[in-house]
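# Descriptive structure summary
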Amino acid sequence: MAGSTDPTVGQPLWLLAELTYQCPLHCVFCYNPTQHARIRDELSTEQWVGVMQQARLLGAAQLGFSGGEPLLRDDLEELVQEAHRLGYYTNLITSGVGLTPARAQRLKDAGLDHVQLSFQDSTKELNDFLSHTKTFDLKQRVAKLIKAHDWPMVMNCVLHRHNLPHVGKIIEMAVALEAEYLELANTQYYGWAWVNRDHLMPTHEELREAEAVVNRFRAEQEGKTGPKTRVLFVVPDYFEERPKACMNGWGSVFLSIAPDGLAMPCHNARDLPGLQLPNVKDTPIAEIWQRSNAFNAFRGDSWMKAPCRSCDERHKDFGGCRCQAFLITGDPTEADPVCSKSPHHEKVVQLVKHAPGKRTIPIVFRSDAESRLLHPDA
Amino acid sequence: MTAALPERPKLSRRFRLQYEEAQTRWVLLYPEGMVQLNGSAAEILKRCDGQRSLSEIVSELEQAFNAQALTPQVQALLEEGQRRGWID
C-alpha cells in the first residue's frame, strides 16, 4: 500500500554510520564483530549519501560517523558536508588517529558539529597496552586540536578492571583537556570484549570505588560556575539487577548501518540467529525501518516470553538487550539475563564470580589475523 | 542554589535549535542528545539571542500570542534552560 505506515512505528531519530570496520587500534574491548576481517564490500560514497538522504526524510537528526576508524575513509569530509547540508547534527566518533590539522580544518569547513575522542586510560602505559599502539601522546595532541577548532568534545573511556582504579585521574585528564563531556563507559561484553571478558571483568568493589569517585567529582562540580565537564557513567549491567533499556527498544529510535550496508536495529545485531538483516544496497531505508522482518522481530512486546511477558517493567526496559540474551542464554527471545527475574540470571552471576580464575588463556588483541583465526570458514 | 538569570539570555553555542519537519516540532541538538521542545519552549528559546532582555521576550510573546502575564512561565523555562546548560 503506497504511503501506508504503521503508526506504532517510531522514527529512526539516531543514525549510526559505521563507515568501516578497519581500525589502526587493536583494543581488547572493541564491540565490533570479531569477524570484521571477513566483511568486505564497503558502501561507496554515493551509497552513503543515499542512506543519509533517505534516513533524514524519515526523521533522523543525530548522525554518528563511526567504525572502526571513520577517518580511514578519505570521503569523510564529503559525507560530513552532505550530512550538514541535510540538517543533521554530526558527530565524529574517533580514536584520533588520522585527525591531522589539515583534515580537522576540512571537517570544520564541511560543518562537523562535534567530536567524540576515545582514550583507553589516563596513563600512557595502559592506553598503549590496551590498544596495542603508541597513541597516548597523539590523542593528547588531537584533543587540543579539537578544542582549537571549537568543537564540543566528548571524551570516551571504556572502563574495566585495569583502569577502574584510575577513574579519578581519567576525570582530571578530561577536565585538563577541557572536554565538555566525559563518557565513562563500563565495558559492554560484545565482540572482542566478549572474547576477553574474563580479563576485563572487575569486582563489585572496584566498581563501587570508581562510582564513589565519580559521585564525589559531581558533587564538587555542583557549586562551580564556568565551564564544566559533565561525567556520564554507563552502568556496568552485569552488576545490576535490572537490564538496560537497550537501544531504547528494538527498532524504536536507532538505526545502524554497517560498513557493508547491513541495516541493524543495534550495531551488535549481526550475530543474532534467525534475523534476516536487510541491506541498504538493495532495499530502501523506509522499507527496512517500517516493514523488514528484522526490524519488527522484537518491536513491541508480542515476542516476549516469561518473565518479560507479564512483567510490569517491560515497557521500561523492553526486556533488555537481545544480543546479551543470545550470548548468555543462546536464545535472543529470552529476557536479558542481567535481570534478576530471568531464570538465567545465575549465569551472569557466575560469569562475574569465576572471571578471576579464568585468566590463564591470553588476552586477544583485535586484529585481522585474530579475526580470521576466530572465524576460519566465514 | 541557582545562579541569577543573565540580563539578556542567549542560547548556548553548544546547542542547536532546529525545526524538525518529520517530527513537526522544534528540537535542541547537542552532543549525543536531542531535546524535543513544546511550542512555547521553542518560542521562548528562539528569542534568546543575547539582544533581548527577559521583559522584552515576555512582552513580545504576549503580543504575538495575545496572552497576558507570561513572565512566570518564561522565567521558569529560562531557569530550567540555565540549569541544563542551554542558556549562557
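Since the structure is predicted, the reported quantities are computational estimates derived from the model, not experimental observations.

Attention now moves to the overall build of chain A. When you go through chain A residue by residue, the secondary structure sums to 15 helices and nine strands. The C-alpha atoms of chain A give 20 Å as radius of gyration, which agrees with the globular expectation for 378 residues (21 Å, within 12%). Its C-alpha atoms give chain A principal-axis dimensions of roughly 55 × 50 × 50 Å. In chain A, which comprises 378 residues, the share counted as buried stands at 47%. In chain A, of all internal contacts separated by at least 6 residues, the share reaching a separation of at least 24 is 72%.

Another point: the environment of Y189 of chain A. Residue and element names in this part refer to chain A. Its place among the elements puts Y189 in the loop between β6 (181-186) and α7 (191-195). Once the C-alpha coordinates of Y189 and C323 are considered, the two residues, 134 residues apart in sequence, prove to be 9.7 Å apart. Not counting residues within four places of it along the chain, the set of residues in contact with Y189 comprises W194 and R197.

As a further point, take the sheet that holds strand β5 (residues 153-159) of chain A. Residue and element names in this part refer to chain A. Across the sheet, which stays open at both edges, the nine strands sit in the order β7-β6-β5-β4-β3-β2-β1-β8-β9 with mixed pairing between neighbours. Edge positions in the sheet fall to β7 (230-234) and β9 (263-264), since each of these pairs with one other strand and no more. Across five bridges, the pairing between strand β1 (residues 14-18) and strand β2 (residues 62-66) is parallel. Considered in β2, the bridge of A17 is made with F65.

Further remarks concern the pairing of β5 of chain A. Residue and element names in this part refer to chain A. Among the seven residues in β5, seven count as buried, and that is most of the element. Of the two faces of β5, the one lined by M153, M155, C157 and L159 and the one lined by V154, N156 and V158 are each fully buried. With five bridges joining them, strand β4 (residues 114-119) and β5 adopt parallel strand pairing. Along β5, the bridge assignment pairs Q116 with V154. In the classification by handedness, the crossover that spans β5, the intervening helix α6 (residues 167-176) and the parallel β6 is right-handed.

Time to look at unusual backbone geometry. With an omega of 5°, the peptide bond between G67 of chain A and G68 of chain A qualifies as cis. As for its placement among the helices and strands, G68 of chain A is situated in the loop between β2 and α2 (76-86). In this chain, A306 of chain A is followed by P307 of chain A through a cis amide linkage whose omega measures 5°. Its place among the elements puts P307 of chain A in the loop between α11 (293-296) and α12 (314-317). Despite not being glycine, H132 of chain A shows a phi value in the positive range, around 55°. Positionally, H132 of chain A belongs in the loop between α4 (124-131) and α5 (136-148). Here N66 of chain B, not a glycine, exhibits a phi torsion of approximately 50°, which is positive. Residue position: N66 of chain B is located in the loop between α2 (54-64) and α3 (71-83). By the C-beta count within 10 Å, which is 6 here, N66 of chain B ends up exposed.

Residue and element names in this part refer to chain B. Inspection of the sheet shows strand β2 (residues 25-30) paired to strand β3 (residues 33-36) by four bridges, in the antiparallel sense. Among the inter-strand pairings, V27 is bridged to a residue of β3, identified as Q36. Counting the residues between successive antiparallel strands, the hairpin from β2 to β3 contains two residues, one of them, E32, with a positive phi of roughly 65°.

The next thing to look at is the environment of V80 of chain A. Residues and elements named next belong to chain A. Note on placement: V80 falls in helix α2. Taking the C-alpha atoms as reference points, V80 and E18, 62 residues apart in sequence, are found 13 Å from one another. Ignoring anything within four residues of it in the chain, the contact list for V80 reads T90, L107, A110, G111 and L112.

In this section: the nonpolar core. All names here are of chain A. Residues A60, M153, M155 and L255 are the most contacted members of the largest nonpolar core, which totals 120 residues. Looking at this core, the element that brings in the most residues is β5, giving six residues. M153 has contacts with V115, L117, A143, I146, K147, A179 and E180, leaving out every residue within four places of it along the chain.

What counts as what
- Residues numbered from 1 in each chain as written.
- Chains lettered and ligands numbered in written order.
- Predicted model: local features only at pLDDT ≥ 70, side-chain atom pairs only at ≥ 80, totals over all residues.
- Helix = DSSP H or I, 4+ residues; strand = E, 2+ residues; numbered from the N terminus.
- Rg over C-alpha atoms; globule rule 2.2 N^0.38 Å.
- Buried ≥ 20, exposed ≤ 12 C-beta atoms within 10 Å, placed from the backbone.
- Contact = placed C-beta atoms within 7 Å.
- Pairing = 2+ DSSP bridges.
- Right-handed = clockwise from strand over helix to strand, strands pointing away.
- Core = buried A, V, L, I, M, F, W, Y, C linked by C-beta atoms within 7 Å.

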